[in-house]
Amino acid sequence: MTDLPKLLVTRRLPDAVERHLVETWDTTLSVDDRPLDRAALVAAMTRYDAWMPTITDRIDADLLAMPGRRVRILANYGAGVDHIDLAAARAAGVVVTNTPDVLTEATAEIAILLMMMAARRASEGERELRAGQWTGWRPSHLIGQGLSGKTLGLIGFGRIAQATAAKARGLGMRIRYASRSAASPEVERTLQATRVETPEALAAQCDILSLHVPGGEATRHLVDAALLARMKPHAIVVNTARGPVIDEAALAEALAQGRIGGVGLDVYEHEPVVHPALLAHPRAVLLPHLGSATIEARTAMGMRAADNLAAFLRGEEPADRVA
């Protein structure tokens, strides 16, 4: 094993992925499945040729520029790479790859799940039943809203947003979207999707607002108090993208004041910490970052990261290089 490249895998991955990595390289797997602290990250920079990091690993400029760095590639496990300083990686000559495409359907399913749970007040009902507080059926109990005929607004219109739109069309929803560039006429025609000029204009038109933009400073607090103020009082905000896209304090306040009808969140601004007002509010549907959490998607992510790593180590250009 000593002649093989040394690979660090920072979190536990599906069994099939871990077996493949151990059989292919001199691989160190995560033992306790916890994020590495700063000291461990620093030490690992000098011990390994390659890392397979995740969103929980903050890889900044100081780490990438440290003396004695051995790491040559970060084969990221996941599509988002806002936890990695890409400019610093380029400056240091460290290749960064990601895993696009393979989590599209799984994340779109979670977006639809959150919409349906928030619209039909499913979390409220389950909590009531489990607490032994349900007294039986009655006509006025936990009345929600249907999705058929409602307008879904998507901020960002990439793969996941389009997959979400396709599923929403099956529920009878109208599709509107806001993005920096228009989708192709064929995509718009297939999804019967209409582009709206700005996120603010979109917020005023839709019954469900679903977020599908990358993380980073460019999208931080894209959904803020001003945008929320434009929404309909029954509208629902859904986020399966990145937590900091929403100003969580502003969202909690809008929900508490009844200026929006509900929220469905899978990601959080200060993850894993969630704003206490959201935790306490009955109209908040909250999931623990399950967007890609199917065995199919998580296994495919690992194999895609492994393919990128294998290509790099053969001296080839990785298919999913982002830096």
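Conventions and cut-offs
Note that residues are indexed from 1 along each chain, following the sequence as it is written. pLDDT decides what is reported in this predicted model: residues at 70 or higher carry local features, side-chain atom pairs at 80 or more are listed and counted, and totals for whole chains, interfaces and linings draw on all residues regardless. To obtain the side-chain values, all non-hydrogen atoms of the structure were included, while hydrogens and water were left out. Segment limits for the domains were obtained from an automatic or database-derived domain assignment. Note on contacts: a residue pair qualifies if any of its non-hydrogen atoms lie within 4.5 Å across the two residues. Accessible area, probed at 1.4 Å, shrinks when two parts are joined; the buried area is that loss added up over both. Definition used for salt bridges: Asp or Glu carboxyl oxygen within 4 Å of a side-chain nitrogen of Lys or Arg. Definition of a polar contact: a pair of N or O atoms within 3.5 Å, with one able to donate and the other able to accept a hydrogen when the atoms are protein atoms, and with sequence-neighbouring residues admitted only if both atoms are side-chain atoms. Each helix corresponds to a stretch of at least 4 residues labelled H or I by DSSP, and each strand to a stretch of at least 2 residues labelled E; elements are numbered beginning at the N terminus. Two strands are said to pair when DSSP picks up at least two bridges between them. Only the stretch in contact is used when a helix axis is fitted, and all axes are lines through C-alpha atoms; the angle between N-to-C directions ranges over 0 to 180 degrees. Each residue is placed in one exposure class: buried if its accessible area under a 1.4 Å probe, protein chains only, is under 20% of its type's maximum, exposed if it is over 50%, and partly exposed if it falls in between.

### Focus on the domain arrangement of the protein chain
The domains assigned to the protein chain are domain 1 (6–101 + 295–314) and domain 2 (104–286). A C-alpha centroid distance of 31 Å is found between domain 1 and domain 2. Contacts between domain 1 and domain 2 engage six residues on the former and six residues on the latter. The largest per-residue losses of area from domain 1 upon contact with domain 2 belong to Ile55, Asp82 and Asp101, which jointly make up 75% of the total buried on that side. Across the domain 1-domain 2 interface, the total number found is two salt bridges. For Arg242, the salt bridge identified is with Asp82, shortest N-O distance 3.0 Å. In this assembly, domain 1 and domain 2 are joined by three residue pairs in polar contact (both at pLDDT 80 or more).

### What about the environment of Ala323?
With respect to the helices and strands, Ala323 occurs in the segment after α13 (295–313). C-alpha of Ala323 to C-alpha of Ala39: the two residues are 284 residues apart in sequence and 25 Å apart in space.

### Focus: the sheet that holds strand β1 (residues 6–9)
Pairing is parallel across the open sheet formed by five strands, whose spatial order is β2-β1-β3-β4-β5. Where the open sheet ends on each side, the last strands, each with one partner, are β2 (26–28) and β5 (95–97). On average, adjacent strands in this sheet sit at an angle of 20° to one another, irrespective of strand direction. Note: strand β3 (residues 50–52) against strand β4 (residues 73–75), two bridges, orientation parallel. Residue pairing across strands places Trp51 opposite Leu74, the latter belonging to β4. Strand contacts of α13: β1, β3, β4 and β5, with the helix running at about 155° to β4, the strand carrying the most contacts.

### Notes on the side chain of His141
Locating His141 in the fold gives a position in the loop between α6 (122–130) and β6 (151–155). Side chain to side chain, His141 and Glu128 meet in a polar contact 2.8 Å long. Not counting chain neighbours up to four residues away, the residues in contact with His141 comprise Glu128 and Trp134.

### Re the environment of Thr151
Residue placement: Thr151 occurs in strand β6. Note on Thr151: relative accessible area 5%, which makes it buried. For Thr151 and Met173, which are 22 residues apart along the polypeptide, the C-alpha to C-alpha distance reads 5.7 Å. Ignoring anything within four residues of it in the chain, the contact list for Thr151 reads Met173, Arg174, Arg176, Gln205, Cys206, Asp207 and Ile208. Side chain to side chain, Thr151 and Arg174 meet in a polar contact 3.1 Å long.

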